[in-house]
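# Notes for the structure review
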There are 2 protein chains.
Amino acid sequence: MEEKVIIAVDAMGGDNAPFEIVKGAVEAVNESTEIVIKLCGKEKEIEEVLKQYTYDSERLEIVNCEEVIATDEHPVQAVRTKKNSSLVVSMNMVRKGEADALVSAGNSGAVLVGGQIIVGRLKGVERPPFAPLLPTTKGVSLLLDSGANVDARPSHLVQFAKIGSIYMENVVGVKNPRVAIVNIGAEEEKGNQLVKETMPLLKECTDINFIGSIEARDIPFGYADVIVCEAFVGNVILKLFEGVGSALISEVKKGMMTSLRSKIGALLVKPALKQTLKKFQTEEHGGAPLLGCKGLVVKTHGNSKATEVKNSILQCVQFKKQKINEKIQEHLA
Amino acid sequence: MEEKVIIAVDAMGGDNAPFEIVKGAVEAVNESTEIVIKLCGKEKEIEEVLKQYTYDSERLEIVNCEEVIATDEHPVQAVRTKKNSSLVVSMNMVRKGEADALVSAGNSGAVLVGGQIIVGRLKGVERPPFAPLLPTTKGVSLLLDSGANVDARPSHLVQFAKIGSIYMENVVGVKNPRVAIVNIGAEEEKGNQLVKETMPLLKECTDINFIGSIEARDIPFGYADVIVCEAFVGNVILKLFEGVGSALISEVKKGMMTSLRSKIGALLVKPALKQTLKKFQTEEHGGAPLLGCKGLVVKTHGNSKATEVKNSILQCVQFKKQKINEKIQEHLA
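Residues numbered from 1 in each chain as written. Chains lettered and ligands numbered in written order. Predicted model: local features only at pLDDT ≥ 70, side-chain atom pairs only at ≥ 80, totals over all residues. Heavy atoms only, no water.

### Description of the sheet that holds strand β4 (residues 101–104) of chain A
To summarise the sheet geometry, strands pair through backbone hydrogen bonds and adopt either a parallel or an antiparallel arrangement. Strands sit in the order β3-β2-β1-β4-β11-β10 (chain A) across an open sheet of six strands; the sheet is mixed. With one partner strand each, in any of the chains shown, β3 (60–64) and β10 (288–289) of chain A form the two edges of the open sheet. (Pairing = 2+ DSSP bridges. Helix = DSSP H or I, 4+ residues; strand = E, 2+ residues; numbered from the N terminus.)

### Comments concerning the interface of chain B and chain A
At the junction of the two partners, chain B supplies 56 residues and chain A supplies 56 residues. Taken over both partners, the interface formed by chain B and chain A buries close to 5,000 Å², and the fraction arising from carbon and sulfur atoms is 74%. Remark: the boundary between chain B and chain A carries four salt bridges. A:K239 serves as the salt-bridge partner of B:E215, at 2.3 Å between the closest nitrogen and oxygen. One can count 12 residue pairs in polar contact (both at pLDDT 80 or more) joining chain B with chain A. Among the secondary structure elements, those contributing two or more residues to the side of chain B that touches chain A are β7 (178–183), α7 (193–204), α8 (231–256) and α9 (260–279) of chain B. The dominant element in the side of chain B that touches chain A, judged by the number of residues it contributes, is α8(B), at 22 residues. (Contact = heavy atoms within 4.5 Å. Buried area = accessible area lost by both parts, 1.4 Å probe. Salt bridge = Lys/Arg side-chain N within 4 Å of Asp/Glu carboxyl O. Polar contact = N/O pair within 3.5 Å; in protein donor to acceptor, adjacent residues only side chain to side chain.)

### With respect to the packing of aromatic side chains
All names here are of chain A. Inspection of the entire model under this criterion finds two aromatic pairs over all chains. Taken together, a centroid distance of 6.1 Å and an interplanar angle of 45° make the contact between Y167 and F319 tilted. Here F319 lies in helix α10 (residues 306–321) and Y167 lies in helix α6 (residues 154–172), a separation of 152 residues in the sequence. (Phe/Tyr/Trp six-rings, centres within 6.5 Å; stacked < 30°, edge-to-face > 60°.)

### Let's talk about the relation of the copies chain B and chain A
For the match of chain B to chain A, the screw axis carries a shift of 0.0 Å, the RMSD comes to 0.0 Å, and the turn is 180°. The transformation relating the two chain copies, once decomposed into turn and shift, fits a two-fold axis. For chain B, the minimum C-alpha distance to the rotation axis belongs to B:G265 and amounts to 1.9 Å. In this assembly the copies share their binding face: 100% of the residues contributing to the interface of chain B also contribute to that of chain A. (Least-squares fit on C-alpha atoms with pLDDT ≥ 70 in both.)

### Digging into the packing of α8(B) against α9(B)
Residues and elements named next belong to chain B. α9 packs onto α8 with a crossing angle of 160° between their chain directions and a minimal axis gap of 9 Å. It follows that α8 is roughly antiparallel to α9 by the angle criterion. Of the residues in α9, those in contact with I249, G255 and M256 of α8 are S262, K263, A266, V269, L273 and L277. (Axes fitted to C-alpha atoms, helices over the stretch in contact; angles between N-to-C directions. Parallel < 35°, antiparallel > 145°, perpendicular 65-115°, else oblique.)

### Observations concerning the sheet that holds strand β8 (residues 209–215) of chain A
Residues and elements named next belong to chain A. Across the sheet, five strands lie side by side as β5-β6-β9-β7-β8; this open sheet has mixed pairing. Looking along the sheet, the strands with just one partner apiece sit at the ends: β5 (133–135) and β8. When the angles between neighbouring strand axes are averaged without regard to direction, this sheet yields 35°. Two strands pair when backbone bridges link them, and β5 and strand β6 (residues 140–144) are joined in this way by three bridges, in the antiparallel orientation. Bridging from a neighbouring strand, P135 pairs with V140 of β6.

### Concerning the side chain of B:K299
Residue and element names in this part refer to chain B. Position of K299 among the secondary structure elements: in strand β11 (residues 296–299). Buried and unpaired, K299 has E308 as its nearest opposite-charge partner, separated by 7.4 Å. Looking at K299, its side chain comes within polar contact range of the main-chain oxygen of G106, at 3.3 Å. Among residues more than four places away in sequence, those in contact with K299 are S104, A105, G106, N107, S108, V111, F130, G287 and A288. (Buried < 20%, exposed > 50% of the residue type's maximum accessible area, 1.4 Å probe, protein only. Lys, Arg positive; Asp, Glu negative; His and termini not counted.)

### A few points about the pattern of salt bridges
One pass over the full model with this rule turns up 30 salt bridges over all chains. Ionic pairing is found between A:E34 and A:K321, a salt bridge with its closest N-O pair at 2.6 Å. Taken together, the positions of A:E34 in the loop between α1 (19–31) and β2 (35–41) and A:K321 in helix α10 put the pair 287 residues apart, joining distant regions of the chain. Overall, A:E34 belongs to the buried group, its relative accessible area being 17%. Residue A:K321 is classed as partly exposed on the basis of its relative accessible area, which comes to 48%. In this structure, the salt-bridge partner of B:K162 is B:D207, at a minimum N-O distance of 3.9 Å. Of the two residues, B:K162 is situated in helix α6 (residues 154–172) and B:D207 in the loop between α7 and β8 (209–215); the sequence distance between them amounts to 45 residues. Its relative accessible area of 34% is what places B:D207 among the partly exposed residues. If you follow the salt bridges from partner to partner, you end up with A:E3, A:D100 and A:K320 in one network.

Following this line, the structure appears as structure tokens:
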């Protein structure tokens, strides 16, 4: 019998908890027989949602926890004091090896702090980065760090480059992934202090395919597979990506409603367009793993719906099968 | 008789020089009788283009300069050695008061260096920022600094906030403009070192309408009128804005071509959509002024077409009429 991948899911985290989280967990269990899910949260509320669905109950169990960490709570304080919260319980399961991974749509800061303190860093990893996939016109690119640790040092960025390469090659399946550092111009002398100090270090790495600088303009066109930057910049990239995308889509919709002619046209283009635009939304590509922790910690958007939760759960399978953490450990040793 | 606004235009700068630059200059002269243009560049090449148009020749003259600064030249070196280049000649005209403003689509670094060294900073201005207008779903917002000086200090950001407020109020006409600092979360304790140090200083300013942090996601929705950040982050914002916009538009076009049905729909929505998408392109809103220099230095995109050149020229009129530099001087004194 094949080995199952056990995933702890924080059923109470995020704006749409527990309904969308539980729904996403059910969909994941129904989609892959390799998955076993432990839904952490208030038993009664979870049961209420589960009643509506059919699923293999042997692979989906509830772990009752009465506490919840809210989105606006102070992360360090919350993780320290709410030992019986759905998030902390999920994290402890990963720490003890009772789960391979955990998925949460809850308080980002708490996921970050808990990932580092409770789950723990892999040996040699200085600062685990958040690493979401960004949609591009050619496929997807991995962005690290999208917000875990601001004011990073050059050595951190070098680790991001290595960890990101391993992830893209083994989880996403991109051979010899192209690594680039976010910069404000292609010329050698451009950049801030951090970029200038990191550049020569990246050039020296023989185990990655470093292609130099990438300007933000070229990111959506997939000029690189692994995009490395400091967390403040990465967070701006991730959020502006989402913001410009949704603003433009809302403008396109408005634009189509301006005349009778365009309204009729809108009806005709709608199905084709929906497909295209869906591909270009960050939500379609699962959550952001906090790479470099023991086990796997995945943070999905606070406003995640079931599909994103499902995708975030499914991405844990490949991660375990491909032994990503063992590979990270090898490369950073 | 009303006073004319004299604008030196670097006819040789940018990917489409001199053709699109000269065309844009002609369009500006034809659109506003308040403008006098001095086209700096190779006389013969400029004349060749001018022959194709009709315009008031009393308000458009050529200043012959034989040298050109290329886009890939080292900025400091180029500005120092190419004294007879179209860019340096334009800058000297502003310095000597022979022109009120200059517009260039050429080497950004050279525009920046020349703006600071040749044209010179206004008294009290520490570091002039590039300040382009970004399109939003509600109108436009001013972004400073979009790339002039990386690794800024808190006092620089405070100046950007003040200068930006004056510009938005007087040139764009936004009353009591809302000022926000780019951050990676709305909570008080979020941010990198620079943001944490700048935040209390901005709160103390009584002459601006500071509303706190803005997340990148909210920028395209016009949550603030003046958006303040360090130049590396600002450059990433400006370029990603353009990149996501053009990637998404190309995907929308591709999406519309996937079936016969959607192709017919595309024909019907095209006119309405074109209008909407045009509004959301940064090129439609003129160039980026380098605010805080004596006179006015405006950098337009390297790939500017005539329309952007024209818009960049026209924005100089309001700048002079509203005595922006006098107001900046007053507020920073």
